[in-house]
Amino acid sequence: MKKIWTDFNNPNPNRIRIPDFDMDYFKLVDGEKVILYTEDIQVEAKIMYDLEQSSWCGELTSEFTDVSKDIEEAREDGFINGKAFGIGTERDNLMRKMIELKIDPQIIAEIIGVSKEEILRRYY
């Protein structure tokens, strides 16, 4: 079962909105069962289109469950580390592309916020 992070902030507490990005990224389909979660709770839900909200939702099919402290801490760490990894990866991809476009390393340093010396050391 796929696990989708959410903040559970919705007008209808029994139908949790699922952004189009998550629908596409996880390749979710109508009727598919998923687990919606945040750091300390999770719940099973079935994917459906809600005409009232004009969006895809997860209709709750189980009771909320508290997760263990170990899982809660791992989810929190994963979110923080994943965000840091994503920012670093995006920065590196931007630097590589700018170098391919033959942009001056000084300009790259000013845009990305990395020293010119580091750019020269890593990519030249």
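Residues numbered from 1 in each chain as written. Predicted model: local features only at pLDDT ≥ 70, side-chain atom pairs only at ≥ 80, totals over all residues. Heavy atoms only, no water.

Q: Explain the side chain of Q53 to me, using residue names and the numbers behind them.
A: Its place among the elements puts Q53 in the loop between β4 (41-50) and β5 (55-60). In terms of polar contacts, Q53 uses its side chain to reach the side chain of D50, at 3.2 Å. Among residues more than four places away in sequence, those in contact with Q53 are P11, N12, R15 and R17. (Helix = DSSP H or I, 4+ residues; strand = E, 2+ residues; numbered from the N terminus. Polar contact = N/O pair within 3.5 Å; in protein donor to acceptor, adjacent residues only side chain to side chain. Contact = heavy atoms within 4.5 Å.)

Q: Any chance you could break down unusual backbone geometry for me, citing the residues and the numbers?
A: Phi angles above zero are rare outside glycine, and K27 is one such case at about 55 degrees. Position of K27 relative to the elements: it lies in the loop between α1 (20-25) and β3 (33-37). When its relative accessible area of 64% is taken as the criterion, K27 is described as exposed. Phi angles above zero are rare outside glycine, and S54 is one such case at about 50 degrees. (Buried < 20%, exposed > 50% of the residue type's maximum accessible area, 1.4 Å probe, protein only.)

Q: Tell me about the nonpolar core, residues and numbers included.
A: Listed in full, the 12 residues of the largest apolar core are I4, F8, I16, I18, M23, L28, V34, L36, V43, A45, I47 and L60. Going through the elements one at a time, β3 and β4 are the ones with two or more residues in this core. A total of 3 residues in this core trace back to one element, the largest contributor, which is β4. Apart from the residues lying within four places of it in its own chain, the contact partners of I16 are T6, F8, N10, L36, W56, C57, G58 and L60. One finds A109, I112, V114 and I119 within the second-largest nonpolar core, a separate group that totals 8 residues. (Core = buried A, V, L, I, M, F, W, Y, C linked by side-chain atoms within 4.5 Å.)

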